[in-house]
Amino acid sequence: MIPTRRGGFQTRPLLFLIFAAAAFAQDGKQSFATLCAGCHGADGTGGERGPTLVGRPDTRIRTEAEIREIIRKGNPLGGMPPFNLPAKRIQQIAAFVHSLRPAAKDTAPAGDIAAGEDFFQGKGSCVTCHRVNGRGGWIGPDLSEVGAKSSLAEIEKALRSPGERRTPGYAVATVRLRDGSAIRGLLKNESSFDVQLQSLDGRIHLLDAGAVAGIEREKKSLMPPVVADATEFRNLVAYLSRLSEMKAPGGTEAGAAAGGVSFAEIADPKPGNWPTYHGVLGGNRHSTLDRINAGNVAHLAARWTFTLGNSRKLEVTPVVMDGVMYVTTVNEAVALDARSGRQIWHYQRPRSKDLAGDAAGGINRGVALMGERVFLVTDNAHLLALDRRTGSLLWDVVMADSNQNYGATSAPLVVKDLVISGTSGGDEGVRGFIAAYKASTGERVWRFWTTPLPGEPGSETWIGKAAEHGCTATWLTGTYDSALNLLYWTTGNPCPDYNGDERKGDNLYSDSVLALEPETGKLRWYYQFTPHDLHDWDAAQTPLLADAPFQGSPRKLLMQANRNGFFYVLDRTNGKLLLAKPFVKLLTWASGVGADGRPQVLESSVPTPEGVKVCPSVEGASNWMSTAYNPATKLFYVMALEKCNIFTKSDAVWKAGESYYGGDARTIPGEPGQKFLRALDIETGRMVWEFPQIGTANSWGGVLSTAGGVVFFGEDSGAFAAVDAATGKALWHFHTSELWKASPMTYLAGGEQFVAIAAGSNILAFGLP
């Protein structure tokens, strides 16, 4: 029955579709009997080598399209081979499998959907405990997709007898502890070694089994049987049966925002928490923790691992708050017990199709926290808010159109009540921007465009046709100074990357650091590192903030080891250049940086159709991997690459779904490059020590400095390593045999210090024995 605008139903069109689907599925039953019944049971017949398909949740949760994909590709882990069959036959089998246990959404309901929604929101008080499309309570399961995950009979039974079949993670129990106390709540996870209990105030209690004296499990559900007359019950079932797809567009308050993580706890985190991408809003990956130090780091050992199976190249930096760790891969977030790596909750949505550039590569670098929310971006340039307690979706807003080559890859940044993010697409011709959104609703508050339109300030620095697709993307997480109340965000290269014929001029605000007012997005100052960039040397390296003595005076500094090979020190109050010195030896594109702050470019570095050798390479002397400054040693630590490329230029025309290079950068045979961990004197730019590495020169791991006098880093051969912060002497290593794509962090959990890093598809956590 198809609902009319209110109350009534049109039965004939839907019944026709149901009968047609049934006939199609009957043809699929015959094909299933021939090809699949040897392994899979269905309708009481078939083999036992594969799982029976009758009543299995997978046959209802998966769409016919997903089932077709499984038939085509097989399931190697389950021993199922791929089937190379005609499309129609695959479609018939998928229809049959899907029909074995039809979801409620595929069954015609016998009630008034709108009236059922009114009962859910009002008289029934269902919304008090259950969330639908980002609205409602958290203490019961999210029902946004219940119509796709349950049959009509299961929905009816759950309403009448809610205690008979409870969703995993929602069983009620009282845990009695050996100290005499007791906690009542939802039993989220349990093993021989630990218990995860969520008390009814939302707090997660991560308990060792040794601390637990006993568990009293309640047979009843927190939810009482629904009190409704026959019509109300029928209407409620009709409404729930139509809930088949998560829709949380934002724009209105998504549940209570009170409680949880305050901005004060993010701006001034207590020792042991790592509440934002770099641990602190200023971007300095230097921790005050010292329990692991130069004297005992040689005893460091792996304590736990967690595998995120959706990626072989994790780039995430874990975030840890009060013993809970949050990690991501593309379109996926997981909350873990930071002591053991045990999962608490998991959120996932399918990867997007037909994306371009970095977004298509499945990259995600992490989350931001605020209140009871977890924020992350998706591959197709959406910004999401999840419930920190359960992982359910609160709101989902579109930052930009992925059909125009936009994507998103990095962790958002929280400033006060705003969530701030940029987008990727910096080699695919997007128009870059930074935008701020209300943490409570996802409503956009402001947007700063990094490529000006004709007539806007800065447009005179784009002479030619390229400005329309000028790139200048904003794909790396920025930093924030709470004392100055300034947001610092770096920008990407102009496009086309290697051909500047149609973009003569400096091409503002490409390859720059921008200082913005966080409430409005108003530009206070900017500094451009590489005007009219022709080598894809974006400035997407962390703008690290530190208060330190500089040449005899205390200064508020912004430091960056730029991709173009120069180490910069700026006064972050006004953008004044204080120092610019090379931090690599292979630097041939400029003779230096003048007193006016502009690089002194050598004409021989301009790409030509035939190609010219230029240093650094397109990967840059450094890149987005993290850096750190230790106030005790007064040294800045950076992973540096000594490498050159042959740069060529060619014609370029922008097209959706394609890169917009206008040339190429090629590795020189016999010159693969070499990685170095380097320590720089911030007042002179002098290299104090270096740690040469042996490897492919293709790793992307960053650094972590600690008050224990140790620098941790991803070494180029695949080892996770530690050196003395003052001398660079090797202290410890652990081989992973992985190509580094992430940077390390450290935290306290259960009274112990851990060091963690993403390696391949795994999160690795290390601690002392």
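Asks: Requested: an account of the overall build of the protein chain, with residues and values cited.
Replies: Helix and strand counts for the protein chain come out as 9 helices and 49 strands. Its C-alpha atoms give the protein chain principal-axis dimensions of about 80 × 65 × 50 Å. By the burial criterion, 57% of the 769 residues in the protein chain qualify as buried. Sequence separation of at least 24 residues holds for 61% of the intrachain contacts in the protein chain that already meet a minimum separation of 6.

Asks: Outline the packing of aromatic side chains, supporting the account with residue identities and numerical values.
Replies: Tallying each qualifying case throughout the model produces 29 aromatic pairs. Look at Phe-712 and Trp-732: their rings are 6.5 Å apart centre to centre, the planes differ by 75°, and that puts the pair in the edge-to-face class. Pair noted here: Phe-712 is in strand β44 (residues 710-714) and Trp-732 is in strand β46 (residues 730-735), with a separation of 20 residues, a long-range link. Phe-712 sits in the buried class, given a relative accessible area of 0%. With relative accessibility at 9%, the residue Trp-732 sits in the buried group.

Asks: Break down helix α7 (residues 152-160) for me, with residues and values.
Replies: Along α7, the residues classified as buried are Leu-152, Glu-154, Ile-155 and Leu-159. Here the buried residues of α7 occupy an arc of 165° about the axis, which is enough to place them on one side.

Asks: Any chance you could break down the packing of helix α5 (residues 113-121) against helix α8 (residues 230-241) for me, citing the residues and the numbers?
Replies: Interaxial distance between α5 and α8 falls to 7 Å at its minimum, and their mutual angle equals 100°. Judged by the angle between their axes, α5 and α8 are roughly perpendicular. Along the contact surface, α5 presents Ile-113, Ala-115, Gly-116, Glu-117, Phe-119, Phe-120 and Gln-121, while α8 presents Glu-232, Asn-235, Leu-236, Ala-238, Tyr-239 and Leu-240. Per-class residue counts for the contact of α5 with α8 are 8 nonpolar, 3 polar and 2 charged.

Asks: Account for the state of the cysteines, naming residues and giving values.
Replies: Following the criterion strictly, the structure yields 2 disulfides and no others. Bridging Cys-471 to Cys-495, the disulfide has an S-S length of 1.9 Å. Handedness here is read from the sign of the S-S torsion; for Cys-471 and Cys-495, about -90°, the answer is left-handed. Placement of the pair is Cys-471 in the loop between β25 (444-449) and β26 (479-481) and Cys-495 in the loop between β27 (486-490) and β28 (512-516), with a sequence separation of 24 residues. What makes Cys-495 buried here is its relative accessible area of 0%. Each sulfur of the disulfide joining Cys-615 and Cys-644 lies 2.0 Å from the other. Linking Cys-615 and Cys-644, the disulfide has an S-S dihedral of approximately 95° and is accordingly described as right-handed. You can see Cys-615 sitting in the loop between β36 (612-614) and β37 (628-630) and its partner Cys-644 sitting in the loop between β38 (635-642) and β39 (645-649), a full 29 residues away along the chain. In the protein chain, the cysteines engaged in disulfides, taken in order along the sequence, are linked 1-2, 3-4. The thiol of Cys-129 is not disulfide-bonded; the next cysteine sulfur, from Cys-126, is found 8.9 Å away.

Asks: Outline the pattern of salt bridges, listing residues and values.
Replies: What the rule picks out here adds up to 36 salt bridges. One salt bridge connects Arg-678 with Glu-642, and the closest N-O pair in it is separated by 2.8 Å. Taken together, the residues Arg-678 in strand β41 (residues 674-681) and Glu-642 in strand β38 connect sequence positions 36 residues apart. Across the pair, Glu-642 and Arg-678 agree in class, each one buried. Sharing partners across several salt bridges, the network here consists of Asp-481, Asp-547, Lys-556 and Arg-572.

Asks: Could you give an account of the sheet that holds β26, with specific residues and numbers?
Replies: Each strand in a sheet pairs with another by means of backbone hydrogen bonds, the pair being arranged parallel or else antiparallel. Spatial strand order, β26-β27-β28-β29: 4 strands in an open sheet with antiparallel pairing. Either end of the sheet is taken by a strand with one partner, and the two such strands are β26 and β29 (523-528). The sheet shows a mean angle of 20° between the axes of neighbouring strands, taken without regard to direction. Sheet analysis places β26 next to β27, joined by 3 bridges and oriented antiparallel. Looking across to β27, one finds that Tyr-480 is bridged to Leu-487.

Asks: Requested: an account of unusual backbone geometry, with residues and values cited.
Replies: The step from Leu-508 to Tyr-509 runs through a cis peptide bond, and the omega angle for that step is 0°. With respect to the secondary-structure elements, Tyr-509 resides in the loop between β27 and β28. Cys-615 connects to Pro-616 through a cis peptide bond whose omega is 5°. Mapped onto the elements, Pro-616 comes out in the loop between β36 and β37. The backbone of Asp-322 shows a phi angle near 50°, a positive value even though the residue is not glycine. With respect to the secondary-structure elements, Asp-322 resides in the loop between β14 (319-321) and β15 (324-329). The exposure class of Asp-322 is partly exposed, given its relative accessible area of 44%. A positive phi angle, close to 50°, is found at His-532, a residue other than glycine. Looking at the element boundaries, His-532 is found in the loop between β29 and β30 (544-550). For His-532, a relative accessible area of 25% corresponds to the partly exposed category.

What counts as what
- Numbering of residues begins from 1 in every chain and follows the order in which that chain's sequence is written.
- Owing to the predicted nature of the model, reporting of local features is limited to residues with pLDDT of at least 70; listing and counting of side-chain atom pairs is limited to 80 or more, with chain, interface and lining totals taken over all residues.
- Water and hydrogen atoms were dropped before computing side-chain values, which therefore reflect all heavy atoms in the structure.
- Labels follow the DSSP assignment, with helices taken as runs of H or I lasting at least four residues and strands as runs of E lasting at least two, numbered in each case from the N terminus.
- The cut-offs for exposure are 20% and 50% of the maximum accessible area for each residue type, with area from a 1.4 Å probe on protein chains only; residues under the lower value are buried, those over the upper are exposed, and the others partly exposed.
- Only heavy atoms enter the contact rule, under which two residues are in contact if any of them lie within 4.5 Å.
- Only centres within 6.5 Å qualify two rings of Phe, Tyr or Trp (six-membered ring in Trp) as a pair; their planes then separate them into stacked at under 30 degrees, edge-to-face at over 60, and tilted for everything else.
- Working definition: the arc comes from the directions between the helix axis and the C-beta atoms, pointing outward to the latter.
- Orientation is described by axes fitted as lines to C-alpha atoms, over the contacting stretch for helices, and by angles from 0 to 180 degrees between their N-to-C directions.
- For this classification, under 35 degrees means roughly parallel, over 145 means roughly antiparallel, 65 to 115 means roughly perpendicular, and everything else is oblique.
- Ten residue types, Ala, Val, Leu, Ile, Met, Phe, Trp, Tyr, Cys and Pro, are classed as nonpolar, four, Asp, Glu, Lys and Arg, as charged, and the remainder, Gly among them, as polar.
- Only a pair of cysteine sulfur atoms within 2.5 Å qualifies as a disulfide here.
- One speaks of a salt bridge when a side-chain nitrogen belonging to Lys or Arg is within 4 Å of a carboxyl oxygen belonging to Asp or Glu.
- For two strands to pair, DSSP has to find at least two bridges joining them.

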